[in-house]
Amino acid sequence: MAAVVGASNAAFATVGIAPMTLEEYRAQYEIPIPRFYERLMGRMPSPAEWLALDDAFHVKYTELFPGCGLTPGVEELLAGWTAAGHSQSVLSMYAHDKLVPAVDAFGLTGHFLRVDGRRGDAGGRKAGELAAHLDALGGQVDRARTVLIGDAADDAEAALSAGIGAVLYTGGSHTREKLLPVGVPVVDTLAEAVALAGELTG
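Residues numbered from 1 in each chain as written. Predicted model: local features only at pLDDT ≥ 70, side-chain atom pairs only at ≥ 80, totals over all residues. Heavy atoms only, no water.

Re the side chain of His133
And step 1. Within the fold, His133 resides in helix H7 (residues 127-137).
And step 2. The residues touching His133, leaving out its near neighbours within four places in the chain, are Ser89, Val90, Leu91, Arg114 and Asp116. (Helix = DSSP H or I, 4+ residues; strand = E, 2+ residues; numbered from the N terminus. Contact = heavy atoms within 4.5 Å.)

Set out below in structure tokens:
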């Protein structure tokens, strides 16, 4: 989130929006992202402004992202899930050609059946990307026993539209208050998210 907020502040500067703290960002953030910018600017950004915002964000994020570490304990959680006989995959709205080497650089690729990033336009919603991800996994997973762990309301809405379960984690871009109305479990740690996913999948 430090990289996200830093990159967002770089984007904001292109249209004269003052920089935000993490708390301010999480209170304002929403998906689809153009609507987030509309809220901050008081109007929808023009096509040229949207391109400038998106470009500035990704340039700064690419600079900041390599300095981010993994959340403490996440490697043990990933290994434990696999050791328990479960499978896992990654779907992110980060561009696919950037996500795959990033996951690999962390040494995590071997934990996943599949790693998919966004292949469509930036700023959209996850439902279409999730449908394609699940289709690509095909018979490797049982959708009735599949749970998406995410950190945005849009993650859970995508999961519900695909007919799979969801758990939301408060450590990302949304406040707990924004996550609760979706109607899926909301937790404060990744360990809790994994434990709950285990309960939901049986």
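Here we look at the pairing of strand E4 (residues 165-169)
And step 1. Buried residues dominate E4, accounting for 4 of its 5 residues.
And step 2. Bridge count between strand E3 (residues 147-150) and E4: 4 bridges; the pairing is parallel. Bridge assignment links Leu148 to a residue of E4, and that residue is Ala166.
And step 3. What joins E3 to E4 is helix H8 (residues 153-162), and the crossover it makes is right-handed.
And step 4. For E4 and strand E5 (residues 186-187), the ladder comprises 2 bridges, and the chain directions are parallel. Looking across to E5, one finds that Tyr169 is bridged to Val187. (Buried < 20%, exposed > 50% of the residue type's maximum accessible area, 1.4 Å probe, protein only. Pairing = 2+ DSSP bridges. Right-handed = clockwise from strand over helix to strand, strands pointing away.)

A word on helix H6 (residues 96-105)
And step 1. The complete set of buried residues in H6 reads Leu99, Ala102 and Val103. Projected down its long axis, H6 carries its buried residues within an arc of 95°, all on one side. Of the exposed residues in H6, those oriented more than 90 degrees away from the buried face are Asp97 and Ala105.
And step 2. Residues of H6 that are buried make contact with strand E1 (90-95) and strand E2 (115-118).
And step 3. In the stretch just after H6, Gly107 is the one whose phi turns positive, near 75°. (Arc of directions from axis to C-beta.)

Digging into the packing of helix H1 (residues 2-13) against helix H4 (residues 47-64)
And step 1. Relative to each other, H1 and H4 sit at 145°, their axes nearing to 8 Å. Like other packed secondary-structure pairs, H1 and H4 cross with a definite hand, here right-handed. Together, Ala3, Val4, Gly6, Ala7, Ser8, Ala10, Ala11 and Phe12 of H1 and Leu53, Ala56, Phe57, Lys60, Tyr61 and Leu64 of H4 make up the contact between the two elements.
And step 2. A per-class count over the contact of H1 with H4 returns 11 nonpolar, 2 polar and 1 charged. (Axes fitted to C-alpha atoms, helices over the stretch in contact; angles between N-to-C directions. Left-handed = near helix turned anticlockwise from the far one by under 90°. Nonpolar A, V, L, I, M, F, W, Y, C, P; charged D, E, K, R; others polar.)

Examining the packing of aromatic side chains
The geometry of an aromatic ring pair is captured by two quantities: the separation of the ring centres and the angle between the planes.
And step 1. With the rule as written, the count across this model stands at 12 aromatic pairs.
And step 2. With a centroid separation of 6.3 Å and an interplanar angle of 90°, the aromatic rings of Phe12 and Tyr37 are classed as edge-to-face. Taken together, the positions of Phe12 in helix H1 and Tyr37 in helix H3 (residues 33-41) put the pair 25 residues apart, joining distant regions of the chain.
And step 3. Classification of Phe12 as buried rests on a relative accessible area of 0%.
And step 4. You can call Tyr37 buried: its relative accessible area is 4%.
And step 5. Taken together, the ring pairs in this structure connect Phe12, Tyr25, Tyr29, Phe36, Tyr37 and Trp50 into an aromatic cluster. (Phe/Tyr/Trp six-rings, centres within 6.5 Å; stacked < 30°, edge-to-face > 60°.)

Fair warning: the whole summary comes from geometry, so function is off the table for now.
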